[in-house]
Amino acid sequence: MRASHDPRITPAGQQLVQGLAALWFWFGPVTVFFFPAFVAGWVGRSFRSGLQAGIWAGIASLPLTYALWLHEALRLYAINGGLLWFGDGAPEGENLSAALFWALRFAPLLGLPFAVIGAATGANAARPPAAQAQHPAATIKP
């Protein structure tokens, strides 16, 4: 009997990993793409700087996600003989194609709109109100 069929070992660990992967799937693009784009757009007061920061944050973090995915997938494959996210039995090489798709194809497509929204929101939040922009003399204090 393999250790993967032991009910004391696999279900809790597999559910924890699947839960963390699902949280990263839904909230990862927001944190990786939106927040750096928002902060850079706000500090730099430009959409361009915010968008660049969001894209660079994705370029820096998505390969790390891919590497962690493969590491955890290989560790869990030895335990239960399945894929990282789905847990069903599959060849070990299927983890590679799943990691390529989810971490390096789908996440950038999902995250890029968050970078655009973050950059636009940050750039607009940094701008002065319209009344002060039209009358700069009104903002000068004696």
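Further up the page is the structure itself.
Going along each chain's sequence as written, the residues are numbered from 1 onward. Local features are withheld for residues below a pLDDT of 70 in this predicted model, meaning they are given only at 70 or higher, and side-chain atom pairs are given and counted only at 80 or more; totals for whole chains, interfaces and linings count all residues. With hydrogens and water set aside, each side-chain value is computed from the structure's full complement of heavy atoms.

### Points about the packing of helix H2 (residues 47-80) against helix H3 (residues 94-126)
Then step 1. Between N-to-C directions, angles span 0 to 180 degrees; the directions come from axes that are lines fitted to C-alpha atoms, helices contributing only their stretch in contact. Numbering of helices and strands starts at the N terminus; helices are DSSP runs of H or I of at least 4 residues and strands are runs of E of at least 2. Contact geometry of H2 with H3 gives a least axis separation of 8 Å together with a crossing angle of 155 degrees. If you check the angle between H2 and H3, you find them roughly antiparallel. The hand of the H2/H3 crossing is right-handed.
Then step 2. When residues are sorted by character, Ala, Val, Leu, Ile, Met, Phe, Trp, Tyr, Cys and Pro go into the nonpolar class, Asp, Glu, Lys and Arg into the charged class, and all the rest, Gly among them, into the polar class. Residues that form the contact of H2 with H3 fall into these classes: 25 nonpolar, four polar and no charged. Roughly parallel means an angle under 35 degrees; roughly antiparallel means over 145; roughly perpendicular covers 65 to 115; every other angle is labelled oblique. The sense of a crossing depends on the near helix, which, turned anticlockwise from the far helix by less than a right angle, makes the crossing left-handed and, turned clockwise, makes it right-handed.

### Focus: the nonpolar core
Then step 1. By size, the foremost hydrophobic cluster in this structure holds eight residues: Val-32, Phe-33, Ala-37, Ala-57, Leu-62, Ala-107, Ala-115 and Ala-119.
Then step 2. For this core, the secondary structure elements donating two or more residues are helix H1 (10-44), H2 and H3.
Then step 3. Contacts of Ala-119, omitting those with residues within four sequence positions, involve Ala-37, Phe-38, Gly-41, Phe-47, Gly-50 and Leu-51.
Then step 4. In this description, a nonpolar core means a group of buried Ala, Val, Leu, Ile, Met, Phe, Trp, Tyr and Cys residues linked to one another through side-chain atoms lying within 4.5 Å. Between buried and exposed lies partly exposed: a residue is buried under 20% and exposed over 50% of the maximum accessible area for its type, with that area taken using a 1.4 Å probe on protein chains only. The next biggest cluster of nonpolar side chains, apart from the first, holds six residues, and it includes Trp-69, Ala-73, Ala-98 and Ala-99. The contact rule is simple, with two residues in contact once any of their heavy atoms fall within 4.5 Å.

### Considerations on a nonpolar patch on the surface
Then step 1. Residues Phe-47, Ile-55, Trp-56, Ile-59, Leu-112 and Val-116 make up a contiguous nonpolar surface patch of roughly 550 Å² in combined accessible area.
Then step 2. Secondary structure elements with two or more residues in the nonpolar patch: H2 and H3.
Then step 3. Among the structural elements, Val-116 can be located in helix H3. Each patch groups residues whose relative accessible area exceeds 30% and which form no salt bridge, using 9 Å between like charges and 5 Å between nonpolar side chains of Val, Leu, Ile, Met, Phe, Trp and Tyr. Per-residue and other accessible areas follow the Shrake-Rupley method at a 1.4 Å probe size, with only the shown protein chains counted as cover for residues. Basic side-chain nitrogens of Lys or Arg form a salt bridge, by our definition, when they fall within 4 Å of a carboxyl oxygen of Asp or Glu.

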